[in-house]
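Each chain, written out:
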Amino acid sequence: AVPFVMELPNYRLPGLKNVSQLLWEKAKDFIDRAFTIILLATIVVWFLQSFDLKFNLVSDSSTSLLAMLANGLVPLFKPIGLGDWRICTSFITGFMAKESVVSTLTILYGSSAALGAALSPAAAAPLLVFCLLYTPCIAAVASVKREMGGRWATVMVVNQCVVGWLAALVVRILAVAVL
């Protein structure tokens, strides 16, 4: 058998200028795409949190469109001990960016002390597990959609939400049994 010989060009250490330029181009591209999506999602969440069905400005967020949407999710999250519209609202805003789950909860409960008082350890553990495992932020979903198509992005979101819910249910059952 004849050996396969491949000639490769001489290796050159990349220069600082080339690496910096490539890094800047990639970062700029990501910021442009992600920022646009996150800004749009932020505007949608603000609108839903600020208005009711008649498009009147609300003074209490429990009467907002976002709270109405979240109330639709309450029966789904009740089995895992998270049947509060404020927690469900934080999952909706968490789709924009995972970091906003905690800030939304703090805002809706009024303070971190009130949040701590409202969540028992048996409820906090499933909340943390679900937040860890449910769908990534909208920018990541948009990237998957762009690279693989809308069908795959939808499958990914549904799969991760189901896995997160099931894992939170297991944690809830264990937490109730132990605590």
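Residues numbered from 1 in each chain as written. Predicted model: local features only at pLDDT ≥ 70, side-chain atom pairs only at ≥ 80, totals over all residues. Heavy atoms only, no water.

### Focus on the packing of aromatic side chains
Thinking step 1. What the rule picks out here adds up to 8 aromatic pairs.
Thinking step 2. Note on tryptophan 46 and phenylalanine 51: the rings are 5.9 Å apart at their centroids and 90 degrees apart in plane angle, and the pair reads as edge-to-face.
Thinking step 3. Each member of the aromatic cluster is reached from another via a ring pair, and the members are Trp46, Phe47, Phe51 and Phe55. (Phe/Tyr/Trp six-rings, centres within 6.5 Å; stacked < 30°, edge-to-face > 60°.)

### Let's talk about helix H3 (residues 85-94)
Thinking step 1. Where burial is concerned, most of H3 is hidden: 8 out of the 10 residues are buried.
Thinking step 2. For H3, every residue scored as buried is listed here: Trp85, Ile87, Cys88, Thr89, Ser90, Phe91, Thr93 and Gly94.
Thinking step 3. Residues of H3 that are buried make contact with helix H1 (16-50), helix H2 (65-77), helix H4 (100-109) and helix H6 (121-133). (Buried < 20%, exposed > 50% of the residue type's maximum accessible area, 1.4 Å probe, protein only. Helix = DSSP H or I, 4+ residues; strand = E, 2+ residues; numbered from the N terminus. Contact = heavy atoms within 4.5 Å.)

### Description of the packing of H1 against helix H7 (residues 138-148)
Thinking step 1. Relative to each other, H1 and H7 sit at 125 degrees, their axes nearing to 9 Å. Considering the angle they form, H1 stands oblique to H7. Crossing angle aside, the handedness with which H1 passes H7 is right-handed. Residue-level contacts link Arg33, Ala34, Ile37, Ile38 and Ala41 of H1 to Ile138, Ala139, Ala142 and Arg146 of H7. (Axes fitted to C-alpha atoms, helices over the stretch in contact; angles between N-to-C directions. Parallel < 35°, antiparallel > 145°, perpendicular 65-115°, else oblique. Left-handed = near helix turned anticlockwise from the far one by under 90°.)

### A closer look at H1
Thinking step 1. Over its 35 residues, H1 extends 48 Å from the first C-alpha to the last, a length consistent with the 51 Å expected when each residue adds 1.5 Å.
Thinking step 2. If you check which residues of H1 are buried, you get Ala34, Ala41, Val45, Leu48 and Ser50.
Thinking step 3. Where the residues of H1 are buried, they touch H2, H3 and H7. (Expected span 1.5 Å × (residues − 1).)

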